[in-house]
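Residue strings, one per chain:
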Amino acid sequence: NDYRRYIPGIGGIGDDRLALETSLRHALVQEQFQLYYQHQVDIASRRVVGLEALVRWHHPTQGMIPPDRFIPLAEKTGLIVPIGEWVLREACRQGASLPGVRMAVNLSARQFRQKNLVAVIRQVLSETGMAPADLELEITEGTLMDDVGSAIETMKQLMELGVNISLDDFGTGYSSLSYLKRFPIDTLKIDKSFITEVTTDAGSEVIVNTIIAMAHSLGLKVIAEGVETDEQLAILRERGCDQVQGYLFAKPLPYQEAIEAAHF
């Protein structure tokens, strides 16, 4: 009891998505993924103290496919779980040769909800020889709020392994501050949307100041992401932010280039 109007070209969108999904399913087996690393810098010493692992996809015919194009597809299809496990294992394998340098790895919502997550991480640490204290798992606010009780239990088990936990994109989610004190975390990461406007928007500056003060009062470290100018860095230093990452210091680089630029 309705009608449909054909629009030339719209079928091609679905075809392209299906083709990309098919390619994504083969990408792991064909070793098309590569990790790039972005420096995390201590503000006081300006020394690189950590690396954030970021996955990149080198498609054999399309070249470099940006994460914002294939990560949502991987999330939707469930492929993010095996991809995420590969990222974790590869980051730990490479990070094991850099004792004392923190290796930050993002966990997707699907990964975090996997019942065998803790077992997988324990196995990866054992296989790679990565020191648990050098591994930091980044989890977004939204992921934790799906099931707060279960999330807290999982985080406690992860911390029992000796790994660190960072709350990523802080300030953009919808978590209640009453939950924040219950989450067993080590670090808050201020979302780059606030850092971008910290020198031009009074509201963003207030939010950044508040996050830093609140985090320190809870005994947490603070990392600001997306730092691109000296002016942004100056404000963060003045407010007592602990660490920063962004194009002001380095863009994401392949492993060898990243460690050479960091002067480890």
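All of the points below concern the structure found in this document. Counting from 1, residues in each chain are numbered in the order their sequence is written. Reporting in this predicted model follows two pLDDT cut-offs: at least 70 for local features of residues, and 80 or more for side-chain atom pairs to be given and counted; totals over whole chains, interfaces and linings ignore these cut-offs and use all residues. Side-chain descriptors were evaluated using all non-hydrogen atoms of the structure, hydrogens and water having been removed beforehand.

Let's talk about the packing of aromatic side chains
To keep it simple, the criterion reads: Working definition: rings of Phe, Tyr and Trp (its six-membered ring) pair if their centres are within 6.5 Å, and the pair is stacked with planes under 30 degrees apart, edge-to-face with planes over 60 apart, and tilted otherwise. Secondary structure elements are taken from DSSP: a helix is a run of H or I of four residues or more, a strand is a run of E of two residues or more, and numbering for both begins at the N terminus. Two conditions define a charge located above a ring, namely a distance within 6 Å from the ring centre to NZ of Lys or CZ of Arg, and an angle within 35 degrees of the ring normal.
Per the stated rule, a full pass over the model turns up five aromatic pairs. Measuring from centroid to centroid gives 6.2 Å for Phe33 and Trp86, while their planes differ by 40°, and the two rings are tilted. Highlighted residues: Phe33 in strand S1 (residues 33-42) and Trp86 in helix H3 (residues 80-95), separated in sequence by 53 residues. Ring pairing ties together the aromatic residues Phe33, Trp57, Phe70 and Trp86, which thus form one cluster. Its guanidinium or amino end placed over the ring of Tyr36, Arg56 lies 5.8 Å from that ring's centre, counting from NZ or CZ.

Describing the packing of H3 against helix H5 (residues 117-128)
Heads up, the condition is: An axis is simply a line fitted to the C-alpha atoms; with a helix, the fit covers only the stretch in contact. Between two such axes, the angle follows the N-to-C directions and lies from 0 to 180 degrees. Working rule for angles: under 35 degrees goes down as roughly parallel, over 145 as roughly antiparallel, 65 to 115 as roughly perpendicular, anything else as oblique. By the definition used in this description, the sense in which the near helix is turned from the far one sets the handedness, with an anticlockwise turn below a right angle giving left-handed and a clockwise turn giving right-handed. By definition, residues are in contact when any of their heavy atoms lie within 4.5 Å.
Look at H3 against H5: their axes get within 9 Å of each other, and the N-to-C directions meet at 30°. In terms of orientation, H3 lies roughly parallel with respect to H5. As H3 packs across H5, the resulting crossing turns out to be right-handed. Here Glu85, Leu88, Arg89, Cys92 and Arg93 of H3 lie close against H5, whose contacting residues are Val120, Ile121, Val124, Leu125, Glu127 and Thr128.

Description of unusual backbone geometry
Defined as follows: Think of it in three bands: with a 1.4 Å probe and only protein chains considered, a residue is buried below 20% of the maximum accessible area for its type, exposed above 50%, and partly exposed in between.
In this model, Glu31 sits at a positive phi of 55°, which is unusual for a non-glycine residue. Relative to the helices and strands, Glu31 resides in the loop between helix H1 (10-27) and S1. One non-glycine residue, Arg46, lies in positive phi territory at about 60°. Among the secondary structure elements, Arg46 is positioned in the loop between S1 and strand S2 (48-59). Since its relative accessible area comes to 48%, Arg46 is described here as partly exposed.

A short note on the side chain of Gln111
This is how the line gets drawn: Under the rule applied, a polar contact is a pair of N or O atoms within 3.5 Å (in protein, one hydrogen donor and one hydrogen acceptor; residues adjacent in sequence only if both atoms are side-chain atoms).
Counting through the fold element by element, Gln111 comes out in helix H4 (residues 109-113). Reaching out from Gln111, the side chain makes a polar contact with the backbone oxygen of Gly84 at a distance of 3.5 Å.

Notes on the pattern of salt bridges
Inclusion rule: Whenever a carboxyl oxygen of Asp or Glu lies within 4 Å of a side-chain nitrogen of Lys or Arg, that contact is scored as a salt bridge.
In total, this model carries 10 salt bridges according to the counting rule given. Here Lys189 and Glu52 are joined by a salt bridge, their closest N and O atoms 3.1 Å apart. With Lys189 in strand S7 (residues 187-190) and Glu52 in strand S2, the pair connects residues that are 137 residues apart, well separated along the chain. One exposure class covers both Lys189 and Glu52, and it is buried. In this structure, a network of salt bridges that share partners links the residues Glu52, Glu138, Lys189 and Glu225.

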